[in-house]
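Geometric and topological summary
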Amino acid sequence: MVTYVGRFHPPGRAILYHCKGTILHHHKGRVISDYWHSAKIMAGILARRVLTGPHSVQVSIVDACNYRCVMCWEHSSEIEGRGADDLARDYHATKKNKATVMDYGVYESFVRSLRKTGTRDISFAGIGEPLLHKRIVDAVVLAKALDMQVWITTNGSLLTPDLMKELTRAGLDDINISLNAGAAGEYGLVHANQDNSRFNQIMENLVWLREYKRRQAVGFPRVTLSHVISNLNSHRAVEMMECAVRIGAIAVSYRPVDTCAQTSRFSLGTEERETLSRTLPAAAGLGNKNGISSNVDTFFQLLALRDAGNIPSPCFAGWLYPFVLANGDVTYCCISREVLGNLAERSFESIWFDPRRRELDKTAIRIHKTQKPVSKSRCRGCELTLSNQRIYNRLWPLWGRAGGTARPASNYQG
Ligand code: SF4
């Protein structure tokens, strides 16, 4: 199961990070075009209208998973009696089409339509394992042919040298490995249907990728290691960074576990938090020495946010980050179950620019005042809150003039 459906970089910095990335890796026309797209998104937020395509889209090209990670909200081994595909189908409870693998024709029309909206950023991530899709390489080739930045988030178990070669040739930009372990010892505890030996296999394949890229003299795909930190692996923060050094990763993402009733026994207690307050900065220091970025600050900010339990900021997801399920449902954000439309029935453009969506956007930009979540969305403790806060803080001088009334809340500090 892919446990992290977001990007490594805190979404609040997404636009800035994105622009920085394009400056480094793409030609001038692309940089200007991406700045223009970001500026239009911001203008749309201020005008309360959707003027252009989203910043990026996550596509759950496969909703089923070959893993049963204990902390997963969709496929956890702890959710008794429920198989992965059953849970994925629950996601589509209101739709006739309960497919858990996206039809390639639907994908093809979707990505072309998405590109027409101005969006250049697509991420294969979501509630399942994207490498289970038989045409994942074709999907990357098509998105690259449309001049898009392409990410894959994967548990890494299917990432063989042959597939890594194909993805490299396809032009994949980034690969985010949900590793959730710093050593083989706890790998099987976190990933309930896997042997500890799987950890070593994934690490060996990632070392192979590092060497392959060196031999080919290419910098892509860049690798990020992602870890959901629970009480099963919280003692391994430094080893997690050592793994990143070993495989030549560019970044490590640490995220506190977000539990439900069935998985609350994996929550971080006082002892684990104390350990992390020492080891995460040490891990970040090791990363700095090796040119590997990490997100220690946002880890503690997110913990504090969840402890506080309120919604401190408007939500801008309606302008930035829609989510697409394998059956073609487009949802408001990666957490929301609010379906905006289905790609088998309508183009992405018509769904995205549909004025009926404005009611949701109106609710979203007031959630810090009403404390009422967006329909069918779990807004309290949502990771995008940190991103929303940063955008809100930056927009505040203009936001006030454009009709916003509440002062931005100060950022949470760990
Ligand atoms: S705050 Fe709510 S609507 Fe916004 S991204 Fe989070 S879950 Fe979705």
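1. Regarding the overall build of the protein
Helix and strand counts for the protein stand at 16 helices and 10 strands. Counting only residues that meet the buried cut, the protein has 50% of its 414 residues in that class. The contacts in the protein between residues at least 6 apart in sequence include a share of 74% that link residues at least 24 apart.

2. A look at the confidence of the model for the protein
This prediction gives the protein a mean pLDDT of 86; 84% of its residues lie at or above 70. Confidence drops under pLDDT 50 across residues 1–26; counting only partners more than four residues distant or on other chains, this segment forms 76 contacts. Low confidence marks residues 410–414, where pLDDT is under 50. Its contacts with residues over four positions away, or in another chain, come to 11 contacts.

3. Focus: the environment of Asp121
With respect to the secondary-structure elements, Asp121 resides in strand E2 (residues 121–124). Along the chain, Asp121 and His55 lie 66 residues apart, while their C-alpha atoms are 6.8 Å from each other.

4. Details of the packing of helix H6 (residues 161–170) against helix H8 (residues 197–216)
Viewed as axis vectors pointing N to C, H6 and H8 meet at an angle of 40 degrees, and their least axial separation amounts to 10 Å. For the element pair H6 / H8, the angle class is oblique. Crossing angle aside, the handedness with which H6 passes H8 is right-handed. Facing Pro161, Met164, Lys165 and Thr168 of H6, the residues of H8 in contact are Asn205, Trp208, Leu209 and Tyr212.

5. Looking at unusual backbone geometry
In the segment running from Phe220 into Pro221, the intervening peptide bond is cis, with an omega of -5 degrees. Secondary-structure assignment places Pro221 in the loop between H8 and strand E5 (222–229). The backbone of Asp147 sits at a positive phi, close to 65 degrees, despite the residue not being glycine. By the secondary structure assignment, Asp147 is in the loop between helix H5 (136–145) and strand E3 (149–154). Located in the positive-phi region is Lys376, a residue other than glycine, with phi close to 55 degrees. Looking at where Lys376 falls in the secondary structure, it is placed in the loop between helix H15 (367–370) and helix H16 (384–401).

6. Structural notes on the site of the ligand
Surrounding the ligand, one finds 15 residues, the nearest of these being Cys315, Ala317, Cys333, Cys379 and Cys382. For the shell around the ligand, a count of residues per class yields 11 nonpolar, 3 polar and 1 charged.

7. Quick look at the nonpolar core
Counting 105 residues, the largest nonpolar core has Ile61, Ala244, Val252, Cys315 and Ala317 as its most contacted members. It is helix H9 (residues 237–247) that contributes the most residues to this core, 6 residues altogether. Contact partners of Ala317, with chain neighbours within four places excluded, come to Tyr332, Cys333, Ala364 and Leu384.

8. Structural notes on the sheet that holds E3
If you trace the 10 strands from one edge of the open sheet to the other, you get E7-E6-E5-E4-E3-E2-E1-E8-E9-E10, paired in mixed fashion. Each of the sheet's edge strands pairs with one partner strand only, and the pair in question is strand E7 (293–294) and strand E10 (339–342). Relative to strand E9 (residues 329–331), strand E8 (residues 323–324) is paired through 2 bridges, and the arrangement is antiparallel. Each residue of the ladder has a partner; that of Phe323, found in E9, is Thr331.

9. A look at the pairing of strand E4 (residues 174–178)
Counting buried residues along E4, 5 of its 5 residues qualify, which places the element largely inside the surrounding structure. Both faces of E4 are covered, namely the face carrying Asp174, Asn176 and Ser178 and the face carrying Ile175 and Ile177. Pairing between E3 and E4: 4 bridges, direction parallel. Considered in E4, the bridge of Thr154 is made with Ile177. Each parallel crossover has a hand, and for E3 linked through H6 to E4 it is right-handed.

10. Comments concerning the environment of Leu142
Here Leu142 shows up in helix H5. Overall, Leu142 belongs to the buried group, with 20 C-beta atoms counted inside 10 Å. If sequence neighbours within four positions are ignored, Leu142 has contacts with Glu108 and Val111.

11. Focus: the packing of H9 against helix H10 (residues 270–289)
When two helices pack together, their arrangement is given by the angle between their axes and by how far apart the axes lie. Two elements in contact, H9 and H10, have axes separated by 8 Å at closest approach and are oriented at 15 degrees. As judged from the angle between their axes, H9 and H10 are roughly parallel. For H9 against H10, the interelement crossing comes out right-handed. Contacts between H9 and H10 involve Ala237, Val238, Met240, Met241 and Ala244 on the former and, on the latter, Leu276, Thr279, Leu280, Ala282, Ala283, Leu286 and Gly287. Class assignment of the residues belonging to the contact of H9 with H10 gives a composition of 10 nonpolar, 2 polar and no charged.

12. Looking at H8
The end-to-end C-alpha distance of H8 is 29 Å, a good match for the 28 Å that 20 residues give at a rise of 1.5 Å each. When we look at burial in H8, the residues that qualify are Phe199, Ile202, Met203, Asn205, Leu206 and Leu209. The buried residues of H8 occupy one face: seen down the axis, they fall within an arc of 160 degrees. Exposed residues lying more than 90 degrees from the buried face of H8 are Ser197, Glu204, Glu211, Arg214 and Arg215. The elements touched by buried residues of H8 are H6, E4, helix H7 (187–190), E5 and H9. Two residues or fewer after H8 comes Ala217, characterised by a positive phi angle close to 55 degrees.

Analysis parameters
Residues numbered from 1 in each chain as written. Predicted model: local features only at pLDDT ≥ 70, side-chain atom pairs only at ≥ 80, totals over all residues. Helix = DSSP H or I, 4+ residues; strand = E, 2+ residues; numbered from the N terminus. Buried ≥ 20, exposed ≤ 12 C-beta atoms within 10 Å, placed from the backbone. Contact = placed C-beta atoms within 7 Å. pLDDT = per-residue confidence, 0-100. Axes fitted to C-alpha atoms, helices over the stretch in contact; angles between N-to-C directions. Parallel < 35°, antiparallel > 145°, perpendicular 65-115°, else oblique. Left-handed = near helix turned anticlockwise from the far one by under 90°. Near = placed C-beta within 6 Å. Nonpolar A, V, L, I, M, F, W, Y, C, P; charged D, E, K, R; others polar. Core = buried A, V, L, I, M, F, W, Y, C linked by C-beta atoms within 7 Å. Pairing = 2+ DSSP bridges. Right-handed = clockwise from strand over helix to strand, strands pointing away. Expected span 1.5 Å × (residues − 1). Arc of directions from axis to C-beta.

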